[in-house]
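Structure at a glance
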Amino acid sequence: MPLRNQLTWLYTGLLSSVILLLAIVIYGTYSFMMTRSLDRRLQWAAQRILDEFPAVLSSSDTDTTVNLPNSYHFQIWSRDGQLITYSENMDEVSEALDPSALLETKQVNRSVKIEYEPYRILSSPIALNEQNTVILQVGLTMQTLQESQRFLVLALVISALILVLLSWYISWNRLGKFLEPLKQMSEIADTITNTNDLSRRIPLNSKRNDETTHLVLIFNNTLARLERLFNSQRRFLADVTHELRTPLTVIKGNVGLMRMMKKYDDESLTSIEIEVDRLTRLVGDLLLMTQAETGKLPLFFEIVEVDGLLFDVFEQMKVLSKGQHDIRIGSIEPAIVTGDRDRLKQVLLNLGSNAIKYSPAGTKIFLSLSLKDKWVLVNVSDEGRGIPKEELKFIFERFYRGDKSRSRSRESGGYGLGLPIAYWIIHNHGGRIEVESEVGKGTTFTVWLPISQTDVPTRPLRPMKKE
Ligand code: ADP
């Protein structure tokens, strides 16, 4: 059964039970109060008869006049079942108003039927002297009470029906509106499955601020993320195919040339070597990513002097830049961390080579190292093109490359794997990477690493969280 039906029936069922309970309480309370009021009136009448009792008994006529409204009936019986007297508004008396109460020793109130008519009877034993007791029975018809009870039941049933129907209608409508986003979600998921179109989104109702709105937001975000991932994978696959095809064409061309010339040509061999290097790097990066993703990349922890490591990186960056950039090393404090030296160097070198790749010749690149609380901070800043704000949150994702970087990938050799690998390595050292950037002004990457606690920790390898 659809959720909408289930919930509607549940609400309606619950409401019906509450209404039924309430109706029983109202009916019970009403009947109890009305019967009590009848009993009080009977009590009052009995007292009145008792006040006139000697006169009533001494009356020679069995039809006795007591100053009572006509609706009251009364009889006085002896213990041995002899009728002593009765009210004049009664026809021929053949039996007591409440025969079963004639033997009672205490006052009782009962509801009885006399010739199919409901009556409330009060029976009260009255001691004339020590041996002689008579029973006074006073009665009032309960017809009016029963009619009002019937009317009350009718009113309760009609209002309950109206309430239940109304609640069913409102629940059905409201639930339809509440569950609409879920319906849309399943429709869109279905469309995506059938068409592979991840660009679809569920329209958001800005006026609502409930769980379904939250769910729609999460669902849309997940779709956006999936779309980005899907696109980046597709783009990556296209890039990898392109990147693989170009060196393979170059290699094949050079081999063909040498075969035609029937001699080894140094230039062709160098060209083959460069292309093989590129291929090796791509395959290496891919392998690293796969290992990182599955948590199988081994890290060998040791004590690392970060200041010395930064100097090595500085030297290598100068070589990479070929003197085109003004690379400077700023304030350096001695700092020791526990980590995998080669992997940490790989991270810093990746940040340094990115700074070189994405900055025009002649600009400055700064490297610095400082200590803050229990952290070692390594800064790599450039005065390059910067990263647009909307791209910043993606740069640590696998295969992500800024549009301009894509067109330059052959000359720069990047595949969009450098930063995700760096992210994973630093996170597995208990640190983090932060980035600040302004388009046209430059970019600063800051690596935070925990200062060494002397003992070499055996941190567990964690699989990469970012995708
Ligand atoms: P790539 O191989 O493309 O360099 P990375 O993962 O190292 O891959 O970097 C991802 C993207 O982040 C780059 O394509 C580039 O758009 C951007 N980026 C990284 N570092 C810088 C920087 N210093 N200046 C400008 N953009 C940068």
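Look up a bit, the structure's there.
Heads up: these notes are all about the structure in this document.

1. Comments concerning the packing of helix H7 (residues 341-357) against helix H11 (residues 418-427)
For the pair H7 and H11, the least separation of the axes is 9 Å and the interaxial angle reads 145 degrees. For the pair H7 and H11, the sense of crossing is left-handed. Here H7 contributes Arg343, Leu344, Gln346, Val347, Asn350, Leu351 and Asn354 to the contact with H11, which in turn contributes Gly418, Leu419, Ile421, Ala422, Ile425 and Ile426. For the contact of H7 with H11, the class distribution of residues is eight nonpolar, four polar and one charged.

2. Quick look at the packing of helix H3 (residues 143-195) against helix H4 (residues 211-261)
For the pair H3 and H4, the least separation of the axes is 9 Å and the interaxial angle reads 15 degrees. What the angle tells us is that H3 and H4 run roughly parallel. Considering how the two elements wind past one another, H3 and H4 form a crossing that is left-handed. Along its contact with H3, which presents Phe178, Pro181, Leu182, Met185, Ile188, Ala189 and Ile192, the element H4 presents Thr212, Leu215, Val216, Phe219 and Leu223. Looking at side-chain class alone, the contact of H3 with H4 contains 11 nonpolar, one polar and no charged residues.

3. Side note on the packing of aromatic side chains
Aromatic ring pairs: the centre-centre distance and the angle between the two ring planes describe each pair. Tallied over the entire structure, the rule returns six aromatic pairs. With centroids separated by 6.2 Å and ring planes inclined at 55 degrees, the aromatic side chains of Trp9 and Trp168 adopt a geometry described as tilted. With Trp9 in helix H1 (residues 3-51) and Trp168 in helix H3, the pair connects residues that are 159 residues apart, well separated along the chain. Taken together, a centroid distance of 5.6 Å and an interplanar angle of 5 degrees make the contact between Trp168 and Trp172 stacked.

4. Looking at the environment of Tyr27
Residue position: Tyr27 is located in helix H1. Looking at Tyr27, the relative accessible area reads 31%, which means it is partly exposed. Taking the C-alpha atoms as reference points, Tyr27 and Asp197, separated by 170 residues in sequence, lie 62 Å from one another. Sequence-distant contacts of Tyr27, defined by excluding residues within four places in its chain, comprise Gln149, Leu152, Val153 and Leu156.

Calculation rules
- Residues numbered from 1 in each chain as written.
- Predicted model: local features only at pLDDT ≥ 70, side-chain atom pairs only at ≥ 80, totals over all residues.
- Heavy atoms only, no water.
- Axes fitted to C-alpha atoms, helices over the stretch in contact; angles between N-to-C directions.
- Helix = DSSP H or I, 4+ residues; strand = E, 2+ residues; numbered from the N terminus.
- Left-handed = near helix turned anticlockwise from the far one by under 90°.
- Contact = heavy atoms within 4.5 Å.
- Nonpolar A, V, L, I, M, F, W, Y, C, P; charged D, E, K, R; others polar.
- Parallel < 35°, antiparallel > 145°, perpendicular 65-115°, else oblique.
- Phe/Tyr/Trp six-rings, centres within 6.5 Å; stacked < 30°, edge-to-face > 60°.
- Buried < 20%, exposed > 50% of the residue type's maximum accessible area, 1.4 Å probe, protein only.

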